[in-house]
Amino acid sequence: MSLAKLEQGFEQGPREEDQDRLPPQDMHAEQSVLGGMLLSKDAIADVLEITRGVDFYRPAHESIYDAILDLYGRGEPADAITVADELTKRGDLARIGGQSYLHQLIAAVPTAANAGYYAQIVAERAVLRRLVDAGTRIVQMGYGTGGGDVEEIVNAAQAEIYQVADKRGSEDYHLLGELLEATADEIEHASGSSGEMVGVPTGFVDLDDLTNGLHSGQMIVIAARPAMGKALALDTPLPTPTGWTTMGEVAVGNEVLGSDGRPTKVVAATDVMTGRPCYEVAFSDGSRIVADEEHQWPVVGEGTSTSGRLADRVGAERLRVEADREFTAVTPVESVPVRCIQVEAEDHLYLAGRSMIPTHNSTLALDIARSAAIKHGQTTVVFSLEMSRNEITMRLLSAEASIQLQHMRKGTMRDEDWQKLARTMGEVSEAPLYIDDSPNMSLMEIRAKCRRLKQRHNLKLVIIDYLQLMSSGKRVESRQQEVSEFSRALKLLAKEIEVPVIALSQLNRGPEQRTDKKPQVSDLRESGCLPASTRILRADTGAETTLGALYASGATDVPVWALDESLRYVARPMTHVFSTGVRETFTMTTSSGRTLRATANHPFLTYGGWRALGDLGVGERVAVPRHVPAPGQCDEGFSDSDVTMAARLVAELPEARVPAGISRLPKAQIALFLREVFTRAGGVGLAATHAGGEIFCFADDRERLDRIALLLLRFGISSQVWGAGKDWVLDVVDLDSQRRFLQEIGVEGAMGAEADRLLTIVRTDTRPAADTSPVWREVAAAVAETSTSTEGSALAQVAAVLDRADVDLEAVNDVEWDMIVSIEPAGYEEVFDATVLGTHNFVANGVVVHNSIEQDADMVMLLHRESVYEQDSPREGEADIIVAKHRNGPTKTITVAFQGHYSRFTNMATNF
């Protein structure tokens, strides 16, 4: 092009087609992607590996995409009907164009087989939009008039460009022909074996003898107390929302300030540790903090680095802990007592020191990975949410080459160490071991990456380090629910790709409070347990059984009642019950007389979500059934006279019990049974001081009245049970429940006339039910302010409460909120937990309770080192692998050797 033409182009100005440009997007491709996903589960898998919700240009398409992924992640079908239902629950169906738009998407897609290609188009357009946005921000940085360091601006600009690519699984798929040779070799190898281990070998002889290796489809939890490292001196000041504390004084449950300056709760804390190598870390603002060698510090642009590694780098490199604060010196000092805490902030950072410096808050699994990948050539992937890939690699090399990890980190290796390292690196380089330390990995991303590795490299083992660091990125009611979803999803992953999945977890402080310090399954974080006497309501027969009875009989797939997302009762299978050891329990009593013993960390449903018993107090409310649905099996083989005779025996004989078969009767016969019992062992009374009355029933033992209360729930009738010794009474005190009782059940005989008069009263009484709903309490509080507010502002407050509360959900759900009146220690006893598919909750003793994180695990292994707690322990250098749960085999404690200087566990036998 000539200079004249170029000048002419400038004079003409921008072309009309360049003005008012839309951002890069392809609406037809987006619609075809979603249509393909609605037609095929395979299309969902293809699309998931290429696009994310934010890649869609239309917000409505992002909402549809997220709904499909949620259904897919829960293992449920995703089609136009189920997705419309999911969007309705979220309140988004009208916003996306209604159910008709979902059918339009299906009709518009040419073929679901090409969904992956359409997804590539969507992803490319998204990259172009991000490029436009990044370019705009870079231009703003360049023209910025606020000054600033040019190097920092360039770094920020580079970061903007780097984020544009956002590569998520760019590996290409291999054709079937490329996999045939490797598959044939595997088949040939399998055909030539006889009596050999069929699972993935762990490298520990006794453990492999017990389990015959780790098997496909298994989900294994390996748990231990937090590592005894990453610690700060006891006098280190820690800022809190209310002032200052120190590392020596802070306790679990306290709040400190996170890296963003907001309060974050301390969820774990180690004991005081002595004799650890320590360093004084100095910063450019003059601050100094003493930390142990393993303590992790955030390094701008790198992630984290330990005090020991920083000591070798500071001075030679310019490293920053924050944009405006550098490390200036890291100097070895005399060892001092130290301690570590863990916070629940997503970045795991908290502020330390008077100048508020950000600081950061798994070996057995690496040994299993070494055995599988290096010793036996089986493809293994480690997803590390805590350690960096370089740190994992260094630990592996230390363990494999028998070179002290400390020497490798400090660069003080001898010549023979270098020779061993060179030889080991040559051997390890061929091992099919993959390490992924991507930050903020979601389960969907892990699932997609595992699927690719399974397809391309015949993946044999998955390790995730560690469970409590995972985040779904979604808004959930509680951490217990979120971790339970992870547990279930990891089990589904293991079954889907047919490999064992090991999830590392952390234990709570339970072991440290016991004399022998040995961990139990019930010490898993976000985990709780119930005693054998806990009553479980069956959905098939309507009768109650106990956890102990189900455990003793080995019963599986027992239908129980559980709450769905709308707090409506649904039948779900309780797949199995398992013991979790002996643990301290507490008795919770509610205002209705319900009692339940549980461990302190067992979750209960409150109005604000799932919360552990230890976090609850007197006056708070938990969910209990408003009514119980009819059982799946109904027995019509009993005559009315048989039912009446059974009721008379229950009412008149002290030793009589409510027959279990009563719960399977038709509702009319249950009403007949209750009418006879209340007529002979109870009655109706009218109040002398006010309009109203009471309905009551007596018994000399509580169990009889608990069963009667359960039968009343078939009619939606709530009751209270109270008393002591041989003097117990059941009261129906709620006006709505009284109305239901008198209309559907009634009382005959001498008190029949009283019942008729009370029915007339309660039919005309329009007062609200007893104050069991937090919604009503909020409304009442807003109305009470009318004395100090204008009418308009008071109405506005009431309207705000009703708008904020889920009034429609409150009106139609199956629970009511029962107040806690006491929580008392109940001693130590064997406790149990159960797996309930889908909902992760069930009704126990008339209260809604949650599952634990080990519910889906086929095997739970707990690590214990006696020498950690006893300085002069004769078992220095030994460790116990406690196989505490083994769904398909026996449990056992296996002793192995711990070689901390090589960062590995190994067999006790001398020939290993």
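For the rest of this paragraph, the subject is the overall build of the protein. Looking only at helices and strands, the protein has 28 helices and 40 strands in total. Looking at the protein residue by residue over its 912 residues, the buried ones come to 50%. For the protein, the accessible surface area stands at approximately 42400 Å², while carbon and sulfur atoms represent 52% of it.

Checked against the element boundaries, Ser-100 lands in helix H7 (residues 98-108). The partly exposed category is assigned to Ser-100, whose relative accessible area is 44%. When the C-alpha atoms of Ser-100 and Ala-80 are compared, they prove to be 9.0 Å apart, with 20 residues separating the residues in sequence.

With 29 residues, helix H8 (residues 115-143) ought to run about 42 Å at 1.5 Å a step, and its terminal C-alpha atoms sit 42 Å apart, in line with that. Every buried residue of H8 is accounted for by Ala-115, Gly-116, Tyr-118, Ala-119, Val-122, Ala-123, Ala-126, Arg-129 and Ala-134.

This part covers the sheet that holds strand E30 (residues 682-686). The strand order across the open sheet built from four strands is E30-E31-E33-E32, with neighbouring strands paired in antiparallel fashion. Two strands lie at the open edges of the sheet, namely E30 and strand E32 (720-724), each paired on one side alone. Averaged over all adjacent pairs, the angle separating strand axes in this sheet is 25°, with direction ignored. Here E30 pairs with strand E31 (residues 693-699) via five bridges, running antiparallel. Note that in E31 the partner of Leu-686 across the bridge is Gly-693.

Turning next to the pattern of salt bridges. Taken as a whole, this structure holds 30 salt bridges when the rule is applied. In this structure, Arg-318 and Glu-326 form a salt bridge, with 2.6 Å as the shortest nitrogen-oxygen distance. You can call Glu-326 buried: its relative accessible area is 18%. Glu-676 serves as the salt-bridge partner of Arg-648, at 3.2 Å between the closest nitrogen and oxygen. With a gap of 28 residues between them, Arg-648 in helix H20 (residues 640-652) and Glu-676 in helix H21 (residues 667-681) connect regions that are remote in the sequence. Sharing partners across several salt bridges, the network here consists of Arg-657, Asp-700, Asp-701, Glu-703, Arg-704 and Arg-707.

Throughout the structure, instances matching the rule amount to seven aromatic pairs. A centroid spacing of 5.4 Å and a plane angle of 40° characterise the contact between Phe-283 and Phe-327, whose relative ring orientation is tilted. Of the two residues, Phe-283 is situated in strand E7 (residues 278-283) and Phe-327 in strand E12 (residues 325-333); the sequence distance between them amounts to 44 residues. Each member of the pair Phe-283 and Phe-327 is classed as buried. Ring plane angle 80° and centroid distance 6.5 Å describe the contact between Trp-297 and Phe-327, whose orientation is recorded as edge-to-face. Taken together, the residues span a long stretch of sequence, with Trp-297 in strand E9 (residues 296-299) and Phe-327 in strand E12 at a distance of 30 residues.

What follows deals with a nonpolar patch on the surface. A cluster of nonpolar side chains, contributed by Met-645, Leu-649 and Leu-653, occupies part of the molecular surface with about 250 Å² of accessible area. Within the secondary structure, Leu-649 sits in helix H20. Among the residues examined, Leu-649 registers a relative accessible area of 40% and is labelled partly exposed.

Averaged over all residues, the pLDDT of the protein equals 76, while 73% of them reach at least 70. Predicted confidence is poor over residues 1-19, with pLDDT under 50, and the contacts of this stretch with residues over four places away or in other chains come to two contacts.

All right, on to helix H3 (residues 41-48) then. The α-helix winds at 3.6 residues per turn, so residues separated by three or four positions along the chain end up facing the same way. Every buried residue of H3 is accounted for by Ala-43, Ile-44, Ala-45, Val-47 and Leu-48. A distance of 3.2 Å separates the backbone nitrogen of Asp-42 from a side-chain oxygen at the start of H3, and that oxygen is part of Ser-40.

Structurally, Ser-592 can be placed in the loop between strand E25 (569-590) and strand E26 (595-598). Looking at Ser-592, its side chain comes within polar contact range of the side chain of Asp-818, at 2.3 Å. Residues in contact with Ser-592, not counting those within four places in the same chain, are Ser-719, Gln-720, Val-721 and Asp-818.

Quick look at unusual backbone geometry now. Despite not being glycine, Asn-458 shows a phi value in the positive range, around 55°. Exposure remark for Asn-458: the relative accessible area of 28% places this residue in the partly exposed category. At Asn-845, a position not held by glycine, the phi torsion is positive, near 50°. Checked against the element boundaries, Asn-845 lands in the loop between strand E35 (841-844) and strand E36 (847-850). Taking the relative accessible area as the measure of exposure, Asn-845 reaches 11% and is therefore buried.

This paragraph deals with the packing of H20 against H21. Where H20 meets H21, the axes come as close as 8 Å, and the angle between the chain directions of the two elements is 35°. By crossing handedness, the relation of H20 to H21 is classed as right-handed. Taking contact as the criterion, the partners of Asp-640, Val-643, Thr-644, Ala-646, Ala-647, Arg-648, Val-650, Ala-651 and Glu-652 in H20 are, on H21, Gln-669, Leu-672, Phe-673, Glu-676, Val-677, Arg-680 and Ala-681. Class assignment for the residues of the contact of H20 with H21 results in nine nonpolar, two polar and five charged.

Core analysis: the biggest nonpolar cluster contains 40 residues, and Phe-673, Ile-708, Leu-712 and Leu-730 have the highest contact counts within it. When contributions to this core are tallied by element, the ones reaching two or more residues are H20, H21, E31, helix H22 (702-712), strand E33 (727-732), helix H23 (735-744) and helix H24 (752-764). It is H21 that contributes the most residues to this core, eight residues altogether. One finds Leu-34, Ala-45, Ala-67 and Ala-80 within the second-largest nonpolar core, a separate group that totals 35 residues.

Looking now at the pairing of strand E38 (residues 878-886). Counting buried positions over the nine residues of E38 gives seven, a clear majority of the element. Where strand E37 (residues 859-864) meets E38, six bridges bridge the pair, whose relative direction is antiparallel. Paired with Met-859 across the two strands is His-886, which belongs to E38.

Moving on to the packing of helix H2 (residues 27-39) against H3. One can describe the packing of H2 onto H3 by two numbers: an axis separation of 5 Å at closest approach and a directional angle of 135°. Classified by the angle their axes make, H2 and H3 are oblique. Crossing angle aside, the handedness with which H2 passes H3 is left-handed. Contact residues: H2 offers Val-33, Gly-36, Met-37 and Leu-39, while H3 offers Lys-41, Ala-43, Ile-44 and Val-47. Broken down by class, the residue content of the contact of H2 with H3 amounts to six nonpolar, one polar and one charged.

What follows deals with the environment of Ala-532. With respect to the helices and strands, the residue Ala-532 is situated in the loop between strand E21 (530-531) and strand E22 (535-537). Classification of Ala-532 by relative accessible area gives partly exposed; the value is 28%. Between the C-alpha atom of Ala-532 and that of Leu-547, which follows or precedes it by 15 residues, the distance is 5.0 Å. With sequence-adjacent residues up to four places away left out, Ala-532 is seen in contact with Thr-546, Leu-547, Gly-548, Glu-830 and Phe-832.

Turning our eyes to something else, we now look at the pairing of strand E8 (residues 288-292). Pairing geometry for E7 and E8, over five bridges, is antiparallel. Following the sheet pairing, Glu-280 is matched in E8 by Val-290. Taking the residues between adjacent antiparallel strands as the criterion, E7 and E8 are bridged by four residues, where Gly-286 takes a positive phi near 95°.

Calculation rules
- Residues numbered from 1 in each chain as written.
- Predicted model: local features only at pLDDT ≥ 70, side-chain atom pairs only at ≥ 80, totals over all residues.
- Heavy atoms only, no water.
- Helix = DSSP H or I, 4+ residues; strand = E, 2+ residues; numbered from the N terminus.
- Buried < 20%, exposed > 50% of the residue type's maximum accessible area, 1.4 Å probe, protein only.
- Areas by Shrake-Rupley, 256 points an atom, 1.4 Å probe, with all protein chains shown as cover.
- Expected span 1.5 Å × (residues − 1).
- Pairing = 2+ DSSP bridges.
- Axes fitted to C-alpha atoms, helices over the stretch in contact; angles between N-to-C directions.
- Salt bridge = Lys/Arg side-chain N within 4 Å of Asp/Glu carboxyl O.
- Phe/Tyr/Trp six-rings, centres within 6.5 Å; stacked < 30°, edge-to-face > 60°.
- Patch = residues over 30% accessible without salt bridge, like charges linked within 9 Å, V, L, I, M, F, W, Y side chains within 5 Å.
- pLDDT = per-residue confidence, 0-100.
- Contact = heavy atoms within 4.5 Å.
- Polar contact = N/O pair within 3.5 Å; in protein donor to acceptor, adjacent residues only side chain to side chain.
- Left-handed = near helix turned anticlockwise from the far one by under 90°.
- Nonpolar A, V, L, I, M, F, W, Y, C, P; charged D, E, K, R; others polar.
- Core = buried A, V, L, I, M, F, W, Y, C linked by side-chain atoms within 4.5 Å.
- Parallel < 35°, antiparallel > 145°, perpendicular 65-115°, else oblique.

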